[in-house]
Amino acid sequence: MKKFNIRKVLDGLTAVSSSSAASQPGNKENDLIPETLQSEHFQLCKTVRHGFPYQPSSMTFDPVQKILAIGTQSGALRLFGRPGVECYCQHDSGAAVIQLQFLINEGALVSALADDSIHLWNLRQKRPAILHSLKFNRERITFCHLPFQSKWLYVGTERGNIHIVNVESFTLSGYVIMWNKAIELSSKAHPGPVVHISDNPMDEGKLIIGFESGIVVLWDLKSKKADYRYTYDEAIHSLAWHHEGKQFICSHSDGTLTIWNVKSPGKPVQTITPHGKQPKDGKKPEPCKPILKVEYKTTRAGDPYMILSGGLSYDTVGRRPCLTVMHGKSTAVLEMDHPIVDFLTLCETPYPNDFQEPYAVVVLLEKDLVVIDLAQNGYPIFENPYPLAIHESPVTCCEYFADCPVDIIPALYSVGARQKRQGYSKKEWPISGGNWGLGTQSYPEIIITGHADGSVKFWDASAIMLQVLYKLKTAKVFEKSRNKEDKPSTDIVDEDPFAIQILSWCAESRMLCVAGVSAHVIVYRFSKQEVTTEVVQLLEVRLQYELNDAESPDVGGEQLPAGGTSSPQTSVSHSHPSTSSSSSDGIRDNVPCLKVRSTPLKQSPGYQVELVVQLVWVSGEPPQQITSLAVNSSYGLVVFGNSNGLAVVDYLQKTVLLNLGTVELYGSNDPYQRQPRSPRKSRQPSGGLGDISEGSTTSEDRCKSPTSAKMSRKLSLPTELKPDLVLLSVCPPRGAIPPDGRDSSFSRSRSSSVTSIDKEAREAITSLHFAETFARKGEAVATPSLWVGTSLGTVLAVALSLPPPGEQRLLQPVIVSPSGTLIRLKGSILRMAFLDSTGAIIPPSHEPWYEPNAFDDRDEREKARKRRPVSVSPSASQELSETHYAVVCSEKQAKVLALPSQASVKHSITETSFVLRSDVVQMGSGVCVACFCANGHIMALSLPSLRPLLDVNYLPLTDMRIARTFCFSNNGQAMYLISPTEIQRITYSQDTCENLQEMLGELFTPVETPEAPNRGFFKGLFGGGAQSLDREELFGESVAGKASRSLAQHIPGPGGIEGMKGAASGVVGDLARARIALDERGQKLGELEERTAAMMASAESFSKHAHDMMLKCKDKKWYQF
């Protein structure tokens, strides 16, 4: 990490800030605050990755350690143990993982990659590392097999050869099984790649080799020749042994299974087509799709299980992928939601020569992981405890809140617990290995994700784990179109009209506000009680852009549209007269994009709709997507903006307080040279915000549903409107991310941020912040205000005058007036925050949460509401001399203003790139600005002096997904979506980096290997039972010789410090195992001692008896006996 020379940085800073005259006094004011944060408090590292492994390709399970490993097409490895034990590692090459094999109960894993390399991973450390790698040069790897308790790995290749690797030293043995030797003259053609290798469960010296073309060879390792060859005229996909080693089963490309007796290679004993229709005339059944994998598992008490994937008949078009479980005479076909990548049967024993006793099947699907309980009737699935459903619907936006109020997680959990599905298996989750990390961090963390189907999920992210708490479906508020044809033509997006674009959440009051892709905003309150809402409260807002608007008719005052309902904001904001929607040429007007449901809405405990606000079409133009959103529970206001303007809504009174085009916000202060305005515009007074007359609509007007009319115009994407209306927002709306990553480049124009306003460019509202501060220059008292940032780098302050709390708040209007404060920066405004005179963050004021549906205790509600009234008069803490600091961050710069004097210090964040996300965050005792740039740099600046504290080139920005989902939170936490299915969490705090090792779970725990199955007396006597083989003797260098050097090269793994730590934990593991061994040995010695004592006692009694007998018989003659 770079070390900064603070003096040089400060010199540079004064050089930057001396360009503006006002900056000097600001510096003096800023110097009064001692800054605690230093660059040594910052360090960047990845902490944990959550979610389903993206594009999985292979899987394996350790039946003793009970750990599952999944490999992906991008070379990632994900390891899963008991809930909370998860680990992510990555192969540097990024090649697909084609196969994984555990060294069972050894704390190691072998991975084979598509680039023909094999790697040995050490899992005895919290962050697994590669110990050895071997890269094949001349052969392509197709299949690997590592027998239980063996150190020799068989590697099959595309050419049909088998090489043998010593797993301890990762060197090749000179013993090779060549394809031509294996098949000899049984086939004229090449047998194809090796698709299967395994040893006979009862005889390690016999290896079965399956070739793709349909030939199977039983190879004798000692005599180096084939014992039997089995040929079938269909390609082989997989092979499995019966545990007694006398039979094996093959799955074929025509949907058949063949069962063979080892000693009769002529033809299979049995041929089964599980999904084929059997013709009456005894002919072969019609071919089916290939059976990609089969497993053959035996039980002591009953019939064996045959489990297979694929093999459906070709006429089942559109049928979902299936897993088939054949047990005795019953065949169960289990439908899956996604294509099957692989499956594994979990068995009680790791020994292949024992009854397998299967109890579960792990099915790895393209987008899910399913575990089926084989022991229960109907084969129910286990409830999955991992957070693998992040992508249930594609994630379109997310927010991260570290250090939340302590009561919020239990509250969300209690309402979310009722949403759980029923019908799961009653048993414990079978993947239960590893140990929990001992997390020292105890503060609550919440991640909220918004999805393409309109759902919002709340996740408990405390102490580096992730667990879903509660799911909210926002689409319930709207009417659903029954079929494709019935879709309203007012949609501005072809698919996912409910997709969430922006979330605004107040953790203290539990108010939630979401903005959707169809230009709709929904305000939610949290309640623990169920309620039925008869009529969903609705407001329609007409936000229009006033430049060059000459074609719109000039209508004054209030007017009813054709539908007969009054648009409420027309009576509030006289600057936007409503035009009739029944134009002669059928131009769509005053119609929202979605229809709010007219039937009563039953709302479960959790988040319940308070108000829906929809933007309407204006003279044939669809509403622009919402680019910024904020909600404040203390003021009862929600505010949102887009590229047309700004709307402020009072959600308590259900009225629109303010509806202004962006240009009108400036009033006479407009710094830009804009196009001549339309005649209609010239009639407008130029006072900007001050000229809005306050008003309120009647409740009847508010509750009526919007008019609906058909219209043929349809646009595929919200930004592809007309060429001259493209949103030139420098911060693209954090909108729907297509699941397939179509938006992999920054395609939008970025020119508007620096130059003066273009002919047709729109100025969008990009940032909003409520604050109780000094909105006007020289003001003596901090008052409620709203700060508005635009895509052209302007920040405007708007003063809010609120009625007294209680009854008055619901009757008197909130007054919104301009403050005259205008701040300018380079680039679009991203984030605003306020600090008090000590440098601590001033959080936006909020009211404490109260139960909104407690009808009997109205007084309680009022008390709760009055508990924290908004301070309008100066309180004791707000001395007249108090200074606040406004922190504003744009795409290019950060600026700190001392309020109310408005003296400032400015710092350029980046010249060559632009900031994508910035947040003002709490770090221990200090506050800083954290930024993520498009060039992949992560930076931190101190406050209020804007000293650089951190600048790390973290990752090159590869796609828009990262740009749109990156967010910083308090205590040095940050996150982003690394793939459509996975969340990557990182930390920029030195403390967390140092404590991370303790927080991570342990994958390896010392467990005793189960005892091998008994051979039985007769088997031992007559030579039955398992035959062992001294592989060392066969494959070792002394007998087999050395392998060709050019065949493969050995690469030592990057052990380093991690290796040392791993070795240390490995030593601990070894000690624990040694202790177990000693205990066992002590126990056995104890038993031996007892046995010896018993033998001595019996010997003594025998000698005594013998002595007595001798005395008795001493004097007798032989004939007396």
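Residues numbered from 1 in each chain as written. Predicted model: local features only at pLDDT ≥ 70, side-chain atom pairs only at ≥ 80, totals over all residues. Heavy atoms only, no water.

Draft legend 1. Here's a closer look at the pairing of strand β33 (residues 500-506). With 7 of 7 residues buried, β33 lies mostly within the body of the structure. In this structure, β33 lies alongside strand β34 (residues 511-516), joined through 6 bridges in antiparallel fashion. Opposite S504, over in β34, you have C513 as the bridge partner. Here β33 hands over to β34 after 4 residues, with R510 in that stretch at a positive phi of 65°. (Buried < 20%, exposed > 50% of the residue type's maximum accessible area, 1.4 Å probe, protein only. Helix = DSSP H or I, 4+ residues; strand = E, 2+ residues; numbered from the N terminus. Pairing = 2+ DSSP bridges.)

Draft legend 2. Structural context of the sheet that holds strand β19 (residues 247-252). The 4 strands lie next to each other as β18-β19-β20-β21, forming an open sheet whose pairing is antiparallel. Two strands in the sheet have a free side with no partner beyond their single neighbour: β18 (236-241) and β21 (270-272). For this sheet, the mean inter-axis angle between neighbouring strands, taken without regard to orientation, is 20°. In the sheet, strand β20 (residues 257-261) pairs with β21 via 3 bridges, with the strands oriented antiparallel. Each bridged residue has a counterpart across the sheet, and for L257 the counterpart in β21 is I272. (Axes fitted to C-alpha atoms, helices over the stretch in contact; angles between N-to-C directions.)

Draft legend 3. Molecular detail of helix α12 (residues 990-999). By the burial criterion, the buried members of α12 are T992, C993, L996 and M999. The arc that holds the buried residues of α12, viewed along the axis, is 115°, so those residues lie on one side. Exposed positions of α12 whose direction lies more than 90 degrees from the buried face are D991 and E994. If you follow the buried residues of α12, they end up packed against β1 (42-51), β57 (973-979) and β58 (982-989). N-cap assignment for α12: the residue whose side-chain oxygen lies 3.3 Å from the backbone N of D991 is S989. (Arc of directions from axis to C-beta. Contact = heavy atoms within 4.5 Å. Polar contact = N/O pair within 3.5 Å; in protein donor to acceptor, adjacent residues only side chain to side chain.)

Draft legend 4. The arrangement of the sheet that holds strand β14 (residues 194-200) in detail. In spatial order, the strands read β14-β15-β16-β17; together these 4 strands make up an open sheet with antiparallel pairing. With one partner strand each, in any of the chains shown, β14 and β17 (225-231) form the two edges of the open sheet. Here the strands of the sheet are splayed against their neighbours by 20° on average, with no regard to which way each runs. Pairing between strand β15 (residues 203-211) and strand β16 (residues 215-220): 5 bridges, direction antiparallel. Pairing of I209 across the sheet is with V217, part of β16.

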